[in-house]
Amino acid sequence: MSRWPFRLSRRKFLRSTALGATAAAGFLHAPAILRAQSAAAKIGVLHPVSGALSYSGQQGRLGATIAIDDINAAGGIKALGGAKFDPMLGDAQSTPDGGNAEVEKMNAAGVCAIVGGYASAICLAASQTAARYDLPYVVDVGVVDSIVTRGLKNTFRFGPGFGVIAKTALDNLVAINDQAGKPAKTVMIVHEDSAFGAGLAKLLNTQLPDRGFQVLETVPHPTPTREFENVVLKIKAQNPDLVIPANYYNEYVLLARTMQQQRVRPKGIYSVLGGAASSYKFVKEFPEAAQYIMDCNHWFDPKNPKAMDLKKRVEDKGQFYTYEVYMNYSCILLLADAIGRAGGTDRAKITDALAGSTFSGHLMPYGPTKFIDGQNQGAAPVNTQVLANDIQVILPAQFASARPVFPIPPA
Amino acid sequence: MLSPVILVPAVINGLMAGAVYALVALGLTLIYGVLHIINFAHGALLTAAMFAAFFAFTLFGIDPYLTAIVLTPLFFGTGYALQRFIIGPAAHGEDRGFLLVTLGLAVVIENTLLYFFRADTRTINLPYAFDVIEIGPAFVAVPRVIAFAAVIAVAIGLWAFMHWTDTGKAIRAVAKEKLGAELCGINVAHIYGVTFGVGAACVAIAACLLIPTYYVNPTAGEAFVLIAFTIVVLGGMGSIPGALLGGLCVGVVESVSSIFLGQSLGQIGIFIMFIAVLLARPSGLFGARL
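Draft legend 1. Geometry of the overall build of chain A. What chain A contains, in helices and strands, is 14 helices and 14 strands. In terms of C-alpha radius of gyration, chain A reaches 22 Å, essentially the compact-globule figure of 22 Å for 411 residues. Taking the principal axes of its C-alpha atoms as reference, chain A extends roughly 70 × 50 × 40 Å. A separation threshold of at least 6 residues defines the contact pool for chain A, and within that pool the share at least 24 residues apart is 68%.

If you want it as structure tokens, here you go:
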């Protein structure tokens, strides 16, 4: 029954064909408009702003729209004679089907590129659909490696993928553990059961034993889940040194709060892309549950004044500066740069411009952009830890603002 | 794995969750036992009540447990009106009519909710939602204990109502022998309405007990109704003690099997038990007494 909204009703059909006809008519007249004024660059901004992932989706949309407003306010895309961005906001409704439907609409409306997707499953589906129309697609977050290994020419991922994240996370985990005198030997993984969580769990299960950790148990759960008591009971029974959660925001918070409630205190909670582990919202709302949680995740460059300025502006709006915000902000800047170098809104030219991008004006600690097979080579995560109601970077050393506290001191 | 440190809390958690299942099933079993209507709109009513409790909290800051005081009579009235003016007249007393009308109602309610509130999953944050009470080795969340106590109280109250009040006796009379009851001067259409109203009121209470620890979206009720149907068959169609015990059993089975089989597969245990009961005792644990 929940699929009904996606079904095409007679009215929707009429509306979309009417839109399509208008768009087509507009397209035919485009040269005339181009001569008259600098045309707007129509781009698709796709996020799951409703459904289970709505919070992350809304944060992503926030980052993208701030970037678009910034570019437009500063005089648009200079290389196109000050053409303004005209965003078409799409809601993937937290499902791959929803993402596909929006890509179809965006294509019909004549966008020149799409940014977003957020969840891996949505990115996989939406970029594939976009590929059918040779529509450039910039993945904002989606970390599953197959997003960029399918040979799709239109798909570019600005952020790091699983492989790099997992490797960094494991290297850093070993470093932190060694530094503390190797107190952690056993691990339990709690993951959500879609592409992201299950993929990560599989990866960890193969890699952790090679690095001297024993995986006691791997517990999957669906999204959404509103009850973690039994999962926490299992953790209590296994009594692992480390708990590694891999899930989205709501479930992450619930798991951490349930562990606190059931007084389960492992030596460390170490997440890889923890949905909430490095979220200011979580730290502010539940400081006790969040304390000492470590995360290997997307993080802005704290030494970049633009990143700090955006942080202040987002917080002044009463919003939280989560990774979705600065990842999407950076992706829009990246796309604006590519459109500028492409010299117009031709899809193939934008794709080529993205492929050859050396853009470095973003907010992330990645260095200049360099895409190989659609993956940005400099992209890497950092390690953070919640300490004294704030989020500190603990690794890599050149960005670190605090030393890791591990194992967690007794209560 | 079988250590009491795990098993005892798992069983207690199961009992707490099962109590709410039982309350949803109570409404369903009553409507089935008396009206012989398989109420497909039960889940949609539950979702609607959850939305009501959700918005009472987010918009007006009213605690869900206080909302129950208003919502219970409101849903009783709604249920009464639905049966008296929509389901009853539209179904023409035919089983398949009831089936289609309640199914239609479910579609209308769910899609109205979807239209107004989108597919978003929403939760509320009560300040005491994560407070715990220690029961032996288990730390049980306060809202679950409240829910458990409330369900037991409602079940006892409902049982007393059915056995000792004139209306309750009339309901039982209609359930046993409709024509005879009518000949004795019982207003059958009114009793049908009352029964449906009581069923809807149960759902309203269940929603207020659920919302502190659960989420709501336009299809949130469906999960509970599938389980509630199982409980009704398990406990015996129309039996109040059957629904209560069946609910508690299902809660424990789900909780314990989710420990062994994992969160995603936990419900398999329920349906294995269900099939086993159907094979061994088709009339359910408590037969079809009322």
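Still to come is the rest of the account.
Draft legend 2. Seen up close, the overall build of chain B. Of regular secondary structure, chain B possesses 11 helices and 2 strands. In terms of C-alpha radius of gyration, chain B reaches 19 Å, essentially the compact-globule figure of 19 Å for 290 residues. For chain B, with 290 residues in total, the buried portion stands at 53%. Partitioning the contacts of chain B with sequence separation of at least 6, the portion at a separation of at least 24 is 78%.

Draft legend 3. Region of interest: helix α14 (residues 347-355) of chain A. Residue and element names in this part refer to chain A. The set of residues buried in α14 consists of Ile350, Thr351, Ala353 and Leu354. Down the axis of α14, the sector holding all buried residues measures 165 degrees, keeping them to one side. Contacts from the buried residues of α14 go to β3 (113-116), β5 (155-157), α13 (323-342) and β11 (371-372).

Draft legend 4. Looking closely at the interface of chain B and chain A. Contacts between the two partners involve 28 residues from chain B, matched on the other side by 28 residues from chain A. Considering every element that reaches the side of chain B that touches chain A, the biggest residue donor is helix α1 (residues 4-35) of chain B, with 5 residues.

Draft legend 5. Representation of the packing of helix α4 (residues 96-108) of chain A against helix α5 (residues 120-132) of chain A within the structure. Residues and elements named next belong to chain A. At their nearest, the axes of α4 and α5 sit 8 Å apart, and the two run at 30 degrees to each other. Our classification of the angle between α4 and α5 gives roughly parallel. Read as a crossing pair, α4 and α5 show a hand that is right-handed. Listed contacts from α5 to Pro96, Gly99, Asn100, Val103 and Glu104 of α4 are Ala121, Ile122, Leu124, Ala125, Ala126, Thr129 and Ala130. The residue makeup of the contact of α4 with α5, split by class, is 8 nonpolar, 3 polar and 1 charged.

Draft legend 6. Spotlight on the nonpolar core. Counting 137 residues, the largest nonpolar core has A:Ile114 and A:Leu335 as the members making the most contacts within it. It is α13(A) that contributes the most residues to this core, 14 residues altogether. Two domains each donate at least three residues to this core, and these are domain 1 (38-160 + 304-376) and domain 2 (163-297 + 382-395) of chain A. Sequence-distant contacts of A:Leu335, that is, excluding residues within four places in its chain, are made with A:Ile43, A:Ala113, A:Val115 and A:Val138. Judged by nonpolar contacts, the second largest core, of 101 residues, contains B:Phe76, B:Phe130, B:Val216 and B:Val233.

Draft legend 7. Main features of the confidence of the model for chain B. Across chain B, pLDDT averages 89, with 98% of residues at or above 70. Under the prediction, the complex receives an ipTM of 0.77, its pTM being 0.77.

Draft legend 8. Structural detail: unusual backbone geometry. Residues and elements named next belong to chain A. With omega at -5 degrees, the peptide bond leading from leucine 395 into proline 396 counts as cis. Residue proline 407 is reached from phenylalanine 406 by a cis peptide bond, and omega for that bond is -5 degrees. A positive phi angle, close to 50 degrees, is found at glutamine 93, a residue other than glycine. Topologically, glutamine 93 is positioned in the loop between β2 (85-91) and α4.

Draft legend 9. Up close: the domain arrangement of chain A. Residue and element names in this part refer to chain A. Segmentation of chain A into domains returns domain 1 (38-160 + 304-376) and domain 2 (163-297 + 382-395). Between the C-alpha centres of domain 1 and domain 2 the distance comes to 29 Å. Elements represented by at least two residues in the side of domain 1 that touches domain 2 include exactly α3 (54-73) and α5. Ranked by residues supplied to the side of domain 1 that touches domain 2, first place goes to α5 with 3 residues.

Draft legend 10. Seen up close, helix α10 (residues 240-261) of chain B. Residues and elements named next belong to chain B. If you check α10, its first and last C-alpha atoms are 31 Å apart, about what 22 residues at 1.5 Å a residue would give, namely 32 Å. Within α10, 18 of the 22 residues are buried, which leaves the element mostly enclosed by the surrounding structure. At the C-terminal side of α10, glycine 262 shows a positive phi close to 95 degrees.

Draft legend 11. Just the confidence of the model for chain A, in detail. All names here are of chain A. For chain A, mean pLDDT is 88; residues scoring 70 or higher make up 91% of the total. Ranking the helices and strands of chain A by mean pLDDT puts strand β4 (residues 137-139) first, with 97, and helix α2 (residues 30-36) last, with 41. When the criterion is pLDDT under 50, residues 1-6 qualifies, and its contacts beyond four places in sequence or with other chains add up to 9 contacts. Contacts from residues 23-37, a stretch scored under 50 in pLDDT, to residues over four places away or in other chains number 6 contacts.

Draft legend 12. Just the pairing of β3(A), in detail. Residue and element names in this part refer to chain A. Summarising the sheet, strand β1 (residues 41-47) and β3 pair through 4 bridges and their orientation is parallel. What sits directly across from isoleucine 43, in β3, is alanine 113. Note on the crossover from β3 through α5 to β4: the handedness is right-handed.

Draft legend 13. Examining the pairing of β2(A) more closely. Here 7 bridges tie β1(A) to β2(A), and the two strands are oriented parallel to one another. Residue pairing across strands places A:Leu46 opposite A:Gly90, the latter belonging to β2(A).

The rules behind the values
- Residues numbered from 1 in each chain as written.
- Chains lettered and ligands numbered in written order.
- Predicted model: local features only at pLDDT ≥ 70, side-chain atom pairs only at ≥ 80, totals over all residues.
- Helix = DSSP H or I, 4+ residues; strand = E, 2+ residues; numbered from the N terminus.
- Rg over C-alpha atoms; globule rule 2.2 N^0.38 Å.
- Contact = placed C-beta atoms within 7 Å.
- Buried ≥ 20, exposed ≤ 12 C-beta atoms within 10 Å, placed from the backbone.
- Arc of directions from axis to C-beta.
- Axes fitted to C-alpha atoms, helices over the stretch in contact; angles between N-to-C directions.
- Parallel < 35°, antiparallel > 145°, perpendicular 65-115°, else oblique.
- Left-handed = near helix turned anticlockwise from the far one by under 90°.
- Nonpolar A, V, L, I, M, F, W, Y, C, P; charged D, E, K, R; others polar.
- Core = buried A, V, L, I, M, F, W, Y, C linked by C-beta atoms within 7 Å.
- Domains from an automatic or database assignment.
- pLDDT = per-residue confidence, 0-100.
- Expected span 1.5 Å × (residues − 1).
- Pairing = 2+ DSSP bridges.
- Right-handed = clockwise from strand over helix to strand, strands pointing away.

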